[in-house]
Amino acid sequence: MHFKRSDFPDGFLFGAATAAYQIEGHQFGGAGPTHWDTFAATPGNVLRAENGALACDHYHRFAEDLDLLRDAGMDAYRFSTSWARVMPDGRTVNPAGLDFYDRLVDAMLERGLKPFQTLYHWELPSALADQGGWTNRDTCVAFADFTDVITDRIGDRVHAIATINEPWCVAYLSHFLGHHAPGLRDIRATARAMHHINLAHGMAMTRLRARGMQNCGVVLNFDHTAPLDDSAGAAQAVATWDAIMNRWFIEAIAKGTYPAEALAGFAAHMPAGWQDDMAEISQPVDFLGVNYYTRHQVTTDMAQPWPHLASHDGPGAKTQMGWEIYPDGLQSFLTRLADDYVGDLPLFVTENGIAWDDHVVNGAVDDPERIRFIADHIAATGRAIAAGANVQGFFYWSLLDNYEWAFGYEKRFGMVHVDFDTLKRTPKASYHAFKSAIAR
């Protein structure tokens, strides 16, 4: 890879990220059912109707997986704590779930890894989904209670806590586009989820601060948006999509407002009194996590209801997901966030990665595309730092090939290959290249 640790500021953290439902195996340790289990069990939602019941069996194999992080010389590990494991019905504590995360965090510390916890990475307990999930304000209160429970157990040992992973996916992708659980396509449900997931973040921050917790933030995902052509319609579409995808959450958290271009569609469907929540939503955070993968080109399609959008993949090379590889978008977001929203607040690239159709050949996995992808995006991160963005770490998504949500086990993002029949781990060439690049 065309970078080395010394290219970055002292203390810059290199790591990898995972999420609980995607790797742990949800059939163990008293974990409760989630809306992902039922979404996957419904024909047509998930490739081959695959779910996270076994996943990578990280629940039993976490020591081996943490050894891979340590042996690569990584500084930190971004993981998530499953709400449905800790509280199977969303409200009642499962002691075995707390014990698991106790063991997991201690094992990270034993290996010199800084634990970066994410409270919620999408596995909503089914009992709360039955009551409306993120369309129901009560879910925010239940999430704040979960925040208390898990923080009381492991908060003394984690290095950082992010409240929510990718609220746009939780709300818009899942309630408007219907691609993720709960698979709705309803603007009223979307408007409520778009607000309530922000409120859940704010309520969790309030609980964390009440416990004296520091280094608390949120992880947002961003999609570089470009006009399809030079028409006025394309320019309008960029403004609309940027407001929904990129500005809704950061403006709420950083400024206590929602962008007008998004409220144009959502205002009539927002929960009553939503304005009263903005102070809690916009309380100070200690860092911002930035997830970035690709860009899209958009234009206006007035034949469609609001937001009147037609979206296209860009013209460049594509990943296994069909996403355009566009490293300049990462540099753009890091500098834009620093300039327009968070100033000198610490930024972390909390996810960035590539899915590729990887295969083990003679005991090895050659993935030059991933090596190039990582090098190019870390270079983009370096350019953002040079331009003044206070970026303090980079987490590759993902450590392991895993359950890729609606794409099942088909799409491989890992630095480490997982054979989903035998669960054998095989570090890919990208793992070895990353290890070499970050060596001290």
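Above: the structure in question.
The shown structure was predicted, so the numbers you read here are calculated from the model rather than taken from an experiment.

Chemist: A description of empty space enclosed by the protein should follow, citing residues and the corresponding values.
Modeler: Gaps between atoms show up when a probe of the same size as a water molecule is rolled over them. This structure, assessed with the given rule, holds 3 cavities of 30 Å³ or more. Taken as a whole, the largest cavity holds about 60 Å³ of empty space. Taken together, His35, Trp36, Tyr120, Trp122, Trp134, Cys169, Val170, Ser174, His180 and Ala181 make up the full set of residues lining the largest cavity. Sorting the residues of the lining of the largest cavity by element identifies helix 2 (35-40) and helix 8 (167-175) as the ones contributing at least two each. With 3 residues, the top contributor of residues to the lining of the largest cavity is helix 8.

Chemist: Could you give an account of the packing of helix 13 (residues 328-342) against helix 14 (residues 368-386), naming the residues involved and the relevant values?
Modeler: Where helix 13 meets helix 14, the closest approach of the two axes is 8 Å, and the angle between their N-to-C directions is 30°. One way to sum up the angle between helix 13 and helix 14 is to call them roughly parallel. Seen along the crossing, helix 13 lies across helix 14 with a hand that is right-handed. Counted together, Asp328, Leu330, Gln331, Leu334 and Thr335 of helix 13 and His377, Ala380, Thr381, Arg383 and Ala384 of helix 14 form the full contact between these two elements.

Chemist: Kindly report on the side chain of His377, identifying the contributing residues and their values.
Modeler: Secondary-structure assignment places His377 in helix 14. A residue is classified by how much of its surface remains accessible, and His377, at 0% relative accessible area, is buried. Engagement of the side chain of His377 in a polar contact is seen with the backbone oxygen of Phe373, the distance being 2.8 Å. Not counting residues up to four positions away in its chain, the partners in contact with His377 are Tyr292, Ile325, Tyr326, Pro327, Leu330 and Asn352.

Chemist: I'd like a rundown of the pairing of strand 9 (residues 391-397), residues and numbers included.
Modeler: Here is the key point about a regular strand: its side chains alternate between the two faces of the sheet. Of all 7 residues that make up strand 9, 6 are buried, and the element is covered over most of its length. Relative to strand 9, strand 1 (residues 13-17) runs parallel, the two being bridged by 5 bridges. Directly across from Gly15, in strand 9, lies its bridge partner Phe395. Direction of pairing for strand 8 (residues 347-351) relative to strand 9: parallel, over a ladder of 3 bridges. Bridging from a neighbouring strand, Phe348 pairs with Gly393 of strand 9. At this point the chain moves from strand 8, through helix 14, to the parallel strand 9, and the crossover so formed is right-handed.

Chemist: Lay out the layout of surface pockets with the relevant residues and their values.
Modeler: Of the voids in this model, the largest pocket is the one considered here, and its volume is about 1,200 Å³. Every residue lining the largest pocket is counted, 41 residues in all, and those nearest its centre are Trp168, Leu173, Leu177, His179 and Trp241. If you list the elements that add at least two residues to the lining of the largest pocket, you get helix 8, strand 5 (216-227), helix 10 (232-255), strand 6 (287-300) and strand 7 (309-313). Classifying every residue of the lining of the largest pocket by side-chain character gives 23 nonpolar, 11 polar and 7 charged. When its volume is computed, the second largest pocket comes out at roughly 180 Å³. Around the second largest pocket, the lining is made up of 15 residues, and of these His35, Leu124, Ala129, Asp130 and Pro182 lie nearest the centre. Counting only elements with at least two residues in the lining of the second largest pocket, the list comes to helix 2 and helix 6 (126-129). It is helix 2 that contributes the most residues to the lining of the second largest pocket, 3 residues altogether. Partitioning the lining of the second largest pocket into residue classes produces 6 nonpolar, 8 polar and 1 charged.

Chemist: Tell me what's going on with the packing of aromatic side chains, and back it up with residues and numbers.
Modeler: Any pair of aromatic rings gets described here by the distance separating the centres and the angle formed by the planes. Tallied over the full model, the rule gives 46 aromatic pairs. Put simply, the rings of Trp168, Tyr172, Phe176, Trp241, Trp248, Tyr258, Phe266, Trp274 and Trp306 touch in pairs and so form one group of aromatic residues. Above the face of the Phe100 ring, Arg85 is positioned so that its terminal group lies 5.4 Å from the ring centre. Lying across the ring of Tyr326, Arg295 places its NZ or CZ 4.0 Å from the centre.

Quick notes on the rules
Residues numbered from 1 in each chain as written. Predicted model: local features only at pLDDT ≥ 70, side-chain atom pairs only at ≥ 80, totals over all residues. Heavy atoms only, no water. 1 Å grid on protein atoms, 1.4 Å probe; cavity = no way out; pocket = protein on both sides within 12 Å on 5 of 7 lines; lining within 4 Å. Points joined across faces, edges and corners; volume = space filled by probe spheres on them. Helix = DSSP H or I, 4+ residues; strand = E, 2+ residues; numbered from the N terminus. Axes fitted to C-alpha atoms, helices over the stretch in contact; angles between N-to-C directions. Parallel < 35°, antiparallel > 145°, perpendicular 65-115°, else oblique. Left-handed = near helix turned anticlockwise from the far one by under 90°. Contact = heavy atoms within 4.5 Å. Buried < 20%, exposed > 50% of the residue type's maximum accessible area, 1.4 Å probe, protein only. Polar contact = N/O pair within 3.5 Å; in protein donor to acceptor, adjacent residues only side chain to side chain. Pairing = 2+ DSSP bridges. Right-handed = clockwise from strand over helix to strand, strands pointing away. Nonpolar A, V, L, I, M, F, W, Y, C, P; charged D, E, K, R; others polar. Phe/Tyr/Trp six-rings, centres within 6.5 Å; stacked < 30°, edge-to-face > 60°. Lys NZ or Arg CZ within 6 Å of the ring centre and 35° of its normal.

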